[in-house]
Amino acid sequence: MTVNFHEIAKKWQKEWATQKTFEANADTRPKFFLTTPYPYVNGLLHIGHTYTYMRVDATARYRRMLGNNVLFAFGFHATGTPIETAAKRVREREEGQLNTLKLMGFTEKDWKNFEDPLYWISTFSKEAKQDLSNYGMSIDWRREFITTDLNPHYDKFIRWQFNKLKEKEYVIKSKHPVVWCPSCNAPTGDHARSEGEGEGPKDFIWVKFPVENSDLILMAGTTRPDALYAEKTLWVDPTAEYQIVNVQEEKWVVGKGTLNKIEQHAITCKEEGTIKAEELIGKKVKGAVTGESLYILPASFIDANMGSGLVYSALEDPFDYMEMKHIQEDKQLLRKYNLDADEMKKIQPKSIISVEGMGDDIGKEMCTKFNITSYEDKTKLEEAKAETNKLVFRKGIMKKNCGKHAGLTVSETQEQLKKELVETGKGIMFYELTGKVICRCLTDCHVKIVDDQWFLAYGNKQWKEQAHKCIQQMKLYPEKVRGQFEYVIDWLKDWACTREFGLGTNLPWEEKWKIESLSDSTIYTSYFTIAPQLEKLPVEKINDNFFDYLLLGKGNADAIDIDNKIIEEIKHEFEYWYPFDFYNSGKDLVQNHFAFLIFNHVAIFPEKYWPNGISTNGYVNINKQKMSKSKGNFKVLRDLVKEFGADVVRIGILSTGEDLNDVDWDSELAESMKNKLGQWYDFAIENYQEISKELRVKSSEKKEIDKWMEHQLHKIIKETTQAMNETLFRTAITKGFFDLQRHLKWYQKRTAGKMNAALVAEIIEAQTLMLQPFTPHLCEEIWQKIGKQGFISHTHWPTYDENKINPEIEQTETLMIQIIDDINHVLKLAKIDKPTNITFFVAENWKYDLFKKIQELIKETRDIKQIMQSVTANHKEHAKESAGLVQKIVKDPSKLPAHVSVQDTEHQNLIDATKFLKEHFRCTINIVKEQESKESKAKQAMPGKPAILVE
RNA sequence: GCGGAGGUUCCCGAGUGGUCAAAGGGGAUAGCCUCAAGAGCUAUUGACUUAGUGUCUUCGCAGGUUCAAAUCCUGCCCUCCGCACCA
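Residues numbered from 1 in each chain as written. Chains lettered and ligands numbered in written order. Predicted model: local features only at pLDDT ≥ 70, side-chain atom pairs only at ≥ 80, totals over all residues. Heavy atoms only, no water.

Caption draft 1: Highlighting the sheet that holds strand S26 (residues 620–622). Spatially, the 3 strands line up as an open sheet ordered S27-S26-S28, and their pairing is mixed. Looking at which strands have only one partner, the edges of the open sheet turn out to be strand S27 (625–626) and strand S28 (663–665). Of the strand pairs in this sheet, S26 and S27 are connected by 2 bridges, and their pairing is antiparallel. Bridging across to S27, Asn-621 finds its partner in Lys-626. (Pairing = 2+ DSSP bridges. Helix = DSSP H or I, 4+ residues; strand = E, 2+ residues; numbered from the N terminus.)

Caption draft 2: Geometry of the pattern of salt bridges. Evaluation of the coordinates by the stated rule reveals 53 salt bridges. In this structure, Glu-92 engages Lys-88 in a salt bridge whose closest nitrogen and oxygen atoms are separated by 3.9 Å. Taking the relative accessible area as the measure of exposure, Lys-88 reaches 46% and is therefore partly exposed. The shortest N-O distance in the salt bridge between Arg-93 and Glu-115 comes to 3.0 Å. Here the residue Arg-93 occupies a position in the loop between helix H3 (82–91) and helix H4 (95–103), and Glu-115 occupies one in the loop between helix H5 (111–114) and helix H6 (117–134), the gap between them amounting to 22 residues. Taken together, the salt bridges that share partners define one network made up of Glu-23, Asp-140, Arg-142, Arg-143 and Glu-573. (Salt bridge = Lys/Arg side-chain N within 4 Å of Asp/Glu carboxyl O. Buried < 20%, exposed > 50% of the residue type's maximum accessible area, 1.4 Å probe, protein only.)

Caption draft 3: Local environment of the state of the cysteines. Counted by the stated rule, this structure contains 0 disulfides. Just so you know, Cys-445 is unpaired, no disulfide at all, and the nearest cysteine sulfur is the one on Cys-181, 4.8 Å from it. Relative accessible area serves as the criterion here: at 9%, Cys-445 is assigned to the buried category. (Disulfide = S-S within 2.5 Å.)

Caption draft 4: Molecular detail of the packing of H3 against H6. Across the interface, H3 lies against H6 with an axial gap of 8 Å and an inter-helix angle of 115 degrees. One way to sum up the angle between H3 and H6 is to call them roughly perpendicular. Taken as a pair, H3 and H6 cross one another with a handedness that is right-handed. Residues Ile-83, Glu-84, Ala-86, Ala-87 and Val-90 of H3 form the contact with H6, whose own contacting residues are Pro-117, Trp-120 and Ile-121. Taken together, the residues of the contact of H3 with H6 sort by class into 7 nonpolar, no polar and 1 charged. (Axes fitted to C-alpha atoms, helices over the stretch in contact; angles between N-to-C directions. Parallel < 35°, antiparallel > 145°, perpendicular 65-115°, else oblique. Left-handed = near helix turned anticlockwise from the far one by under 90°. Contact = heavy atoms within 4.5 Å. Nonpolar A, V, L, I, M, F, W, Y, C, P; charged D, E, K, R; others polar.)

Caption draft 5: Region of the structure containing the layout of surface pockets. In this model, the second largest pocket occupies a volume close to 960 Å³. Taken together, 33 residues line the second largest pocket, and the ones lying closest to its centre are Phe-204, Gly-221, Thr-223, Val-311 and Lys-385. Mapped onto the lining of the second largest pocket, the elements with two or more residues apiece are strand S6 (201–210), strand S7 (216–222), strand S14 (311–313), helix H10 (318–329), helix H14 (378–395) and strand S17 (427–433). At 4 residues, H14 tops the list of elements feeding residues into the lining of the second largest pocket. Split into classes, the residues belonging to the lining of the second largest pocket amount to 12 nonpolar, 10 polar and 11 charged. (1 Å grid on protein atoms, 1.4 Å probe; cavity = no way out; pocket = protein on both sides within 12 Å on 5 of 7 lines; lining within 4 Å. Points joined across faces, edges and corners; volume = space filled by probe spheres on them.)

Caption draft 6: Representation of the protein's contact with RNA strand B within the structure. Around RNA strand B, the surrounding shell holds 61 residues, and the nearest of these are Tyr-40, Lys-626, Arg-730, Lys-749 and Val-950. In the interface set of RNA strand B, defined as its atoms within 4 Å of the protein, sugar plus phosphate atoms amount to 68%. Taking Arg-499, its side chain carries an N or O atom lying 3.3 Å from a sugar or linking oxygen of RNA strand B. One nitrogen or oxygen atom from the main chain of Ile-948 is found 2.9 Å from a base oxygen belonging to RNA strand B. (Near = heavy atom within 4 Å. Polar contact = N/O pair within 3.5 Å; in protein donor to acceptor, adjacent residues only side chain to side chain.)

Written as structure tokens, this is what we have:
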């Protein structure tokens with residue numbers, strides 16, 4: 001192997017840079033604009049980026065070869081808190097943080113520098129740019145930029161964006177529950193927790209039950225307001241003392257220790273005294289929905305410290321059912337609380353929900369099903385309750401006796417009732433954590449309702465509709481992510497878009513806020529089209545009017561204090577390039593970043609600037625393991641490129657997966673790729689140079705085997721093109737490289753070195769062109785060495801000729817391959833190491849006729865008799881044999897070759913292959929027609945399957 | 001729990017009713033070449049079969065439809081992604 005991957009990579013990268021090969025400006029060609037979420041610059045690019053960016057570059061390079069004016073733009077993201085936090089940790093010399101830097105090759109002398117967030121930004125954006133260039137990315141670097149107010153032009157752009165959103169009332173102030181750390185005085189996201197990952201606020205509704213003839217109100221928390229239609233009792237913890245809390249002139253009765261929770265919900269309250277449970281038991285409250293009088297009763301499973309400390313019951317739950325039964329039957333208990341036995345007996349469940357496959361008394365039914373006999377059997381009751389709630393929530397429909405909710409599903413009813421109860425003042429929303437959460441600062445977190453926060457109103461219905469419309473018009477790679485997109489758009493709620501600290505752009509109308517990181521990266525893709533010219537303009541002259549005119553065509557250029565000619569130039573660039581055609585990243589971004597991007601585009605831009613295409617891919621594993629710093633298998637892009645060379649990494653990373661599947665970085669595969677590419681380099685250069693013009697003209701006449709090779713080539717170009725169009729790069733490499741190479745090797749052998757010169761030249765060109773998106777450096781080198789002018793990067797993708805694709809030709813070769821397989825099989829079974837002679841017997845012609853006939857008939861019927869009758873008439877002289885064959889074939893139609901030929905053709909094909917077979921098996925070869933031989937084996941010959949005798 | 005994507009032979013993966021013991025790649029084993037290593041080439045890689053185009057077992061598990069199932073239907077199990085205030 002003569003190729004040095006590192007050297008040629010360096011050579012061509014330099015060449016591309018000096019020739020400005022990938023700088024793209026508006027012109028008259030059809031454009032193709034690609035980009036990818038700008039990386040957050042808190043570290044070196046790693047193997048995940050290696051994959052994602054490669055998908056973009058391969059697409060860019062492919063589109064360039066199709067004749068598009070291609071722009072691949074790239075920027076850097078610094079908005080948000082992690083960099084600031086990381087710098088702070090370096091200041092504190094926190095071990096974990098220093099280790100992360102050490103992993104990336106930094107040492108103690110760098111710590112001082114990394115104390116400053118700005119150093120992070122400048123270092124890692126510079127390093128990333130270098131890494132990407134070394135990786136062979138065809139990026140137009142003139143358009144690079146960084147976010148935050150470090151870039152005052154971009155800062156202006158983001159302010160403009162938010163002013164636009166505000167005008168449309170898509171930025172709103174509202175209330176929201178968040179997991180809150182009281183010490184950090186900030187929301188605590190999953191990544192910022194030392195315990196409690198995945199926990200979050202769960203909403204309850206606290207329903208008011210006024211005590212009859214009293215000013216007290218019992219507050220019962222529930223997740224099932226639907227059951228209020230069957231409210232029957234109010235449970236208290238009989239051993240507890242409750243507290244009376246004054247909330248806006250109402251006297252709430254709640255469990256002790258609830259005061260904090262109420263305050264966290266931004267409600268002012270004051271404790272006014274306590275009341276023992278016993279004092280409440282036997283009294284009555286007014287039902288919140290039915291208005292019926294309900295008894296306050298003791299229940300063993302109530303814990304005054306949970307929720308509000310009180311629970312209402314509809315007796316449709318196994319717990320309620322058993323507890324009520326217990327009250328009704330336990331005389332001692334009745335006496336203790338002075339309850340009337342007859343009155344208690346009257347309390348019976350009311351059926352309000354129909355569940356398919358269940359009767360009216362769900363509580364009782366579930367107790368029977370779970371074999372529960374006592375109210376004390378808490379374990380089984382828990383199971384039964386979970387099952388009940390699941391069933392009811394999934395399948396329950398409200399019955400006729402449920403007023404306006406009749407006929408609705410339980411989940412719909414729950415949502416509506418929550419809203420109604422809050423609106424009519426009968427209830428209040430409450431949030432509690434689903435589990436314990438501890439902040440990284442080791443403080444216990446709780447739910448907090450934040451109420452001065454700004455939100456992007458992704459919950460807005462009209463906005464959602466527009467977003468759906470955008471998705472419907474968009475090309476998605478792969479198409480199967482569409483369902484997830486549709487779902488996410490419906491599911492998104494309002495998003496808190498401002499922060500109190502971190503880097504970024506200030507909210508224009510309330511400067512104390514920073515615009516949050518995901519919110520400032522939504523329409524930034526348009527900024528690439530204007531960045532280089534825009535950033536040359538004096539920033540103080542850039543204002544909202546400027547962007548209105550530039551990006552939306554509103555207003556007029558004369559009103560802007562900038563040379564009109566320059567404005568129009570920039571405007572033209574935007575209008576030419578926008579929207580983007582391909583935006584690619586990992587599948588995890590569908591649920592947030594991609595969705596936000598769609599929302600913001602439809603909010604700000606007219607339809608013609610809505611995104612054209614979004615692409616998603618899986619993750620990268622390293623030798624089947626997830627990449628993680630702690631496992632020590634953290635791979636950065638630069639190390640891979642250093643070890644294997646850019647081209648090998650590029651094609652290697654795309655070779656193990658595509659679609660939404662995860663890919664695996666496989667060093668062994670990369671190694672093998674390196675060899676294969678090296679072989680190709682040698683083959684291409686050696687062979688192409690030998691092919692003189694005269695030879696090409698002379699070789700215009702083509703034999704069968706040449707036609708076969710030509711067929712394979714054109715079929716492969718066709719299939720590879722299709723795969724490239726869908727960014728199925730693994731398929732493209734499999735077909736366009738592995739398959740073509742395999743067939744070429746076969747062709748070399750079959751022709752015993754006498755390949756058709758013109759065809760070989762065509763193959764060399766097509767193969768090199770098809771590799772260009774993946775291994776551009778190698779391909780430029782080959783292109784130059786075989787004497788082509790100009791960059792292969794700008795050469796047209798190979799085209800295929802449908803007329804040269806002919807499945808029948810393929811059949812002949814398949815036959816040859818099968819023959820070799822059969823001989824190998826025989827050699828193995830007969831334990832013959834080195835054959836001295838192989839004889840082939842080609843079947844008699846009547847067999848071909850018979851096979852053809854059967855092939856036709858079998859399409860219509862599988863009935864043996866019927867086929868037999870229509871067939872045997874023509875084959876009287878071979879009646880017995882024919883009958884046997886018919887039976888065999890009908891039973892297993894795989895015995896029929898795809899294409900039934902004739903004896904002479906197959907005979908001739910074998911004769912043509914004699915030389916090849918001789919060399920392959922290193923023995924003499926005889927080819928005989930069945931009828932000309934007395935050998936008993938000869939009779940075994942079948943169409944497409946000559947009989948074989950090995951000696 | 002909810003929504004989405006998946007489960008194929010040693011591994012990665014192709015394959016959606018018959019041409020399927022299942023492409024291609026990786027790995028492994030053996031042979032050729034070589035002073036040797038690497039590369040390359042050839043063969044093998046579910047089991048049985050000392051002359052073949054056979055038999056048996058296999059495509060997450062269990063049933064079903066069909067002359068015929070990796071492929072269609074039903075139920076179940078498992079893995080990955082997301083479920084939010086954040087890159």
